[in-house]
Amino acid sequence: MSPGVLIAGAGLAAAGVAVGLRKLETKEIPSVGILSAAFFVASLIHVPIGPASIHLILNGMLGIILGWKAFPAVLVGLALQALLFQFGGITTLGVNTLNMALPAVICYYLFGWGIRIGNRRLVFILSAFAGGSCAVFLGSVLVGLSLYLSGEAFLPAAKVVVAAHLPVMVIEGGLTAVCALFLRRVKPELLEGAYVPKQSL
Amino acid sequence: MCRNSHCSQRVVRGRHLFFCLLFTVLWLVFFNAPASAHKVTIFAWVDGDTVHTQSKIGAGKRAKGARVLVFDSEGNRLLEGKTDEKGEFSFKIPKKDDLKVVLKASMGHMAEWKIPADEIGAVGDVSGSTVPEINVKSGIEEAVRSTDVKPGLEAVSLTRHEVQDLIDKSLDRKLAPIVDMLADATDCGPKMTEVIGGIGYIFGLVGVALYFANRRKKE
């Protein structure tokens, strides 16, 4: 990665984190923490598929539940991974945060409406699936883009990254849908908190 | 009213706790072998005038067809190559200098290994010096006698080079498992304690955030 990309990534990530923190309310802090922990652990789980082994990312789930607050959650997860396991490293922390959290926010805006419609089960499942897989797709495109900006040829780099993440997209979509359904049944306020405009209590 | 809301908040917090425990327990039960997320490692060792490298992706997966670049202490690129099926790549030492071996795997993953000049220097001195022929006949005879093998064995005279070669080969063979173990040890994935520690850190951060949020509210 070239220094320009690293600095730009860190700057944009910092802006995203600032927006996320501004939107963060006291009562939402625990759910951000839990999802941050889920994100932190998810990357450690390896699923061997064919020759390669892949790991879950869960940024789509963070996105549709947390919205902009996915930025601080992702930052914390990645920072701990970098500090404890030397994944990624501190210098690439900003770019990595941006690459994972920006798709989450995009998916929040793209598919949030599907989750807001409380009574349609199919729409709910489909938009959760789309949110989960789309976030991974956008994330891998962003990784390809940042490699391109650092001097690698875009198409080969992006192709490799996207191809490697195709199975993850399917798995994550399914997992996000299952988790969203589970949350809707057991703890709907976690989903609604981000979506339903706050009614006067 | 105030008491009510406090109560419900406590219930919500209890549920949160339940949830996080459920999540962690589920993860840990279903995937009790946490492996590293695409962490790439390269391990290089000097053997005679050659440097062998072994590259891995994740825990134990060999990095096939990845680029290996070799730099000197001033950052000049000396040579580059690709790893084979086993993730290994060997090259002749191009220069007596601090070498930096960099692995570039796909998707921007990188790893490096440094070989200090004195490691190379020591090797170079031995292989480079021309030594006079010495007779190790008596030593071998003694060895033969002491082990009580066939007494008719002819006395052999070996050059120092040949002795060096024999020792090197035998050492290589005997040390191979240790080198492999070292290569494995350098990329041991995250341990359970670290994973749990990380989760603990996150909950700790949540606690700190809640503390400050509550204090701000009181003020």
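Our structure is the block above this text.
My aim in this report is to walk through the structure given alongside it, one point at a time.

**Concerning the overall build of chain B**
- Regarding its fold elements, chain B presents five helices and eight strands.
- The order of α-helices and β-strands along chain B, N terminus first, is α-β-β-β-β-β-β-β-β-α-α-α-α.
- Expressed as a percentage of its 219 residues, the buried residues of chain B come to 19%.
- Summarising the internal contacts of chain B: among those between residues at least 6 apart in sequence, 54% fall at separations of at least 24.

**Observations concerning the packing of helix α4 (residues 70-85) of chain A against helix α5 (residues 192-218) of chain B**
- For the pair α4 of chain A and α5 of chain B, interaxial distance at closest approach is 10 Å and the crossing angle is 140°. With respect to α5 of chain B, the axis of α4 of chain A lies oblique. Judged by the sense of rotation from one axis to the other, the crossing of α4 of chain A with α5 of chain B is right-handed. Of α5 of chain B, the residues touching α4 of chain A (which contributes Val-76, Leu-80, Leu-84 and Phe-85 of chain A) are Glu-194, Gly-197, Gly-198, Tyr-201, Ile-202 and Leu-205 of chain B.

**Structural notes on the environment of Ile-65 of chain A**
Residue and element names in this part refer to chain A.
- Within the fold, Ile-65 resides in helix α3 (residues 59-66).
- Judged by the 30 C-beta atoms lying within 10 Å of it, Ile-65 is buried.
- Between the C-alpha atom of Ile-65 and that of Val-32, which follows or precedes it by 33 residues, the distance is 9.0 Å.

**Notes on helix α2 (residues 29-42) of chain A**
- The end-to-end C-alpha distance of α2 of chain A is 20 Å, a good match for the 20 Å that 14 residues give at a rise of 1.5 Å each.
- In terms of burial, α2 of chain A is a largely internal element, 14 of the 14 residues being buried.

**Overview of α4 of chain A**
Residues and elements named next belong to chain A.
- With 16 residues, α4 extends 22 Å between its outermost C-alpha atoms, agreeing within 8% with the 22 Å of an ideal straight helix rising 1.5 Å per residue.
- With twelve of 16 residues buried, α4 is to be regarded as a mostly interior element.
- Looking at α4, one finds that the buried residues are Ala-70, Phe-71, Pro-72, Ala-73, Val-74, Leu-75, Val-76, Gly-77, Leu-78, Leu-80, Gln-81 and Phe-85.
- The positive-phi residue at the C-terminal boundary of α4 is Gln-86, with phi of around 55°.

**Section: the environment of Leu-155 of chain A**
- For Leu-155 of chain A, the location among the structural elements is in helix α7 (residues 154-186).
- Counting along the chain gives ten residues from Leu-155 of chain A to Leu-145 of chain A, while the straight-line C-alpha distance between them is 9.1 Å.

**A few points about the sheet that holds strand β4 (residues 67-71) of chain B**
All names here are of chain B.
- With antiparallel pairing, four strands are arranged side by side in an open sheet as β5-β4-β7-β8. What marks the edges here is a single partner per strand, and that holds for β5 (77-82) and β8 (110-115). On average, each strand axis in the sheet is tilted by 20° relative to the strand beside it, whichever way the strands run.
- As paired strands, strand β7 (residues 99-104) and β8 are joined by six bridges and run antiparallel to one another. Across the sheet, the residue bridging to Lys-100 is Lys-114, located in β8.

**Notes on the nonpolar core**
- The biggest cluster of nonpolar side chains holds 67 residues, and the ones touching the most others in it are Leu-62, Ala-70 and Val-74 of chain A.
- Among the elements that line this core, the one with the most residues is helix α6 (residues 121-149) of chain A, at 13 residues.
- Val-51, Val-101, Ala-105 and Ala-183 of chain B belong to the second largest nonpolar core, which has 19 residues in total.

What counts and what doesn't
- Residues numbered from 1 in each chain as written.
- Chains lettered and ligands numbered in written order.
- Predicted model: local features only at pLDDT ≥ 70, side-chain atom pairs only at ≥ 80, totals over all residues.
- Helix = DSSP H or I, 4+ residues; strand = E, 2+ residues; numbered from the N terminus.
- Buried ≥ 20, exposed ≤ 12 C-beta atoms within 10 Å, placed from the backbone.
- Contact = placed C-beta atoms within 7 Å.
- Axes fitted to C-alpha atoms, helices over the stretch in contact; angles between N-to-C directions.
- Parallel < 35°, antiparallel > 145°, perpendicular 65-115°, else oblique.
- Left-handed = near helix turned anticlockwise from the far one by under 90°.
- Expected span 1.5 Å × (residues − 1).
- Pairing = 2+ DSSP bridges.
- Core = buried A, V, L, I, M, F, W, Y, C linked by C-beta atoms within 7 Å.

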